[in-house]
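Structural features, examined
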Amino acid sequence: VLRSYLEIHKNYFPELEDLAGTFLPGEEKTESTLKKYLRTEHQISTDIFDGEKHPALAGLRTVLVPRSKKFFLNRNLTEKQRIFALARESGFRFMGIRARPLTSTWVSVHSFDEVFNNFKASYFAACILLPKNTLVREIRKFLADEKFSKRKFFHVLDQFPVSEETVFYRLFALLPSHFQIEKLYFLKFVSSDGSRDPQLTKEIHLVGQHDPQENRNGHYCRRWPGISILDEVHGNERFIKTQISNFESMGHRYFEIALGKASKDGGQESITLGLEIESDVRSKIAFLDDPGITRKDVGQTCEKCALFDCKERVAAPSVLSKERQLHEINKAME
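What this report covers is the structure whose coordinates are included nearby. The structure presented is a predicted model; accordingly, all values stated were derived computationally and were not measured. (Residues numbered from 1 in each chain as written. Predicted model: local features only at pLDDT ≥ 70, side-chain atom pairs only at ≥ 80, totals over all residues. Heavy atoms only, no water.)

On the surface, a cluster of nonpolar side chains totalling about 320 Å² of accessible area is made up of Leu326, Ile329 and Met333. Relative to the elements of secondary structure, Met333 occurs in helix 11 (residues 318–333). (Patch = residues over 30% accessible without salt bridge, like charges linked within 9 Å, V, L, I, M, F, W, Y side chains within 5 Å. Areas by Shrake-Rupley, 256 points an atom, 1.4 Å probe, with all protein chains shown as cover. Salt bridge = Lys/Arg side-chain N within 4 Å of Asp/Glu carboxyl O. Helix = DSSP H or I, 4+ residues; strand = E, 2+ residues; numbered from the N terminus.)

Right under this line is the structure:
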């Protein structure tokens, strides 16, 4: 339900953007300033918990104990993760939200209000840590280059105190509202063995033709950059892969940018932002004709794919074969 709600609103909420603009105006949003805000304005103290001492809580990032007014952060969080957690908690407090989860990651869900309010606080956190005017200015300059530069893209990602995933997700909100690029999708895959068994863990899309959610029981196309990049993840390096994907069976093409890196459990993860290539999009992104960008024919799943000579195929085109068989039966009956 939440995903549908975000898609209806194109994942952009002006009232939250405006509200975030009134939070600590003129002050840099650092770990210390956010802790000070929680302490002085809401009497919330922060502390650290150790997953080794509390193994049952090792998978949680934060725990709020309302009775003692303590906000606990997992010792293993990175600085960027701590800042985002503090910004989200500040959002809950600043907006006066009561129906909310007490942990991150989720332990249990009691109501849709909790889910939606958690989204609002996360959106608020992204707004204050990634000011839209700054990010829009940087992206506008980046899209004007005739060559796609990984170095320049990493520069955009690294100038904000948040994870790469948060920047990608923030771009998903700002590209429709500030660049009128509206046909987008955002995907996150995680895997423990490269591209052999990737799991789709996050998805939102503003295009009707590309919907991995509908294909969970199949084998996603291994030609998607968000899946193929999982095999390239080694150690602590980050990888960027760009691709123009031609979904030949649907007659649509997308520019995709995927980032792959190691996940906290020692596996691999990737995030992908895809933009459908239309005439108005081509006029706004100068590097779409860059010969350095890979171009590939892709499908949705192996089970539905007509690319019979595909070397990356991991399953037979069973769904497509059945559809064609039914077509032949109907044709013969007629």
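Now for the nonpolar core. Phe148, Phe168 and Phe255 are the most contacted members of the largest nonpolar core, which has 73 residues in total. The dominant element in this core, judged by the number of residues it contributes, is helix 5 (residues 112–129), at 9 residues. If near-sequence neighbours (up to four positions away) are discounted, Phe168 is found in contact with Phe153, Leu157, Phe186, Ile257, Leu259, Ile271, Thr272 and Leu273. Core analysis: the second largest hydrophobic core is formed by 12 residues, Leu187, Leu200, Cys221 and Phe247 among them. (Core = buried A, V, L, I, M, F, W, Y, C linked by side-chain atoms within 4.5 Å. Buried < 20%, exposed > 50% of the residue type's maximum accessible area, 1.4 Å probe, protein only. Contact = heavy atoms within 4.5 Å.)

Strand order in the open sheet formed by 4 strands is 1-3-2-4, with mixed pairing between adjacent strands. Here the strands that pair on one side only, and so sit at the sheet edges, are strand 1 (45–49) and strand 4 (103–104). Two strands pair when backbone bridges link them, and strand 2 (residues 62–65) and strand 3 (residues 70–74) are joined in this way by 4 bridges, in the antiparallel orientation. Bridge assignment links Val65 to a residue of strand 3, and that residue is Lys70. (Pairing = 2+ DSSP bridges.)

Turning our attention to the sheet that holds strand 7 (residues 239–247). Here 6 strands make up an open sheet; going across it, the order is 6-5-9-8-7-10 and the pairing mixed. Single-partner strands in this sheet number two, and they are strand 6 (199–205) and strand 10 (294–298). With strand direction ignored, the average angle separating the axes of adjacent strands in the sheet is 25°. Here strand 8 (residues 252–262) runs beside strand 9 (residues 268–276); their pairing, made up of 9 bridges, is antiparallel. For Glu256, the partnering residue across the bridge sits in strand 9 and is Gly274. (Axes fitted to C-alpha atoms, helices over the stretch in contact; angles between N-to-C directions.)

Relative to the helices and strands, Arg88 resides in helix 4 (residues 79–94). This buried residue, Arg88, is left without a salt bridge; Glu89 holds the nearest opposite charge, at 6.6 Å. Once you skip the residues sitting within four places of it in the chain, Arg88 turns out to touch Ser104, Asn118, Ala121, Ser122 and Ala125. (Lys, Arg positive; Asp, Glu negative; His and termini not counted.)

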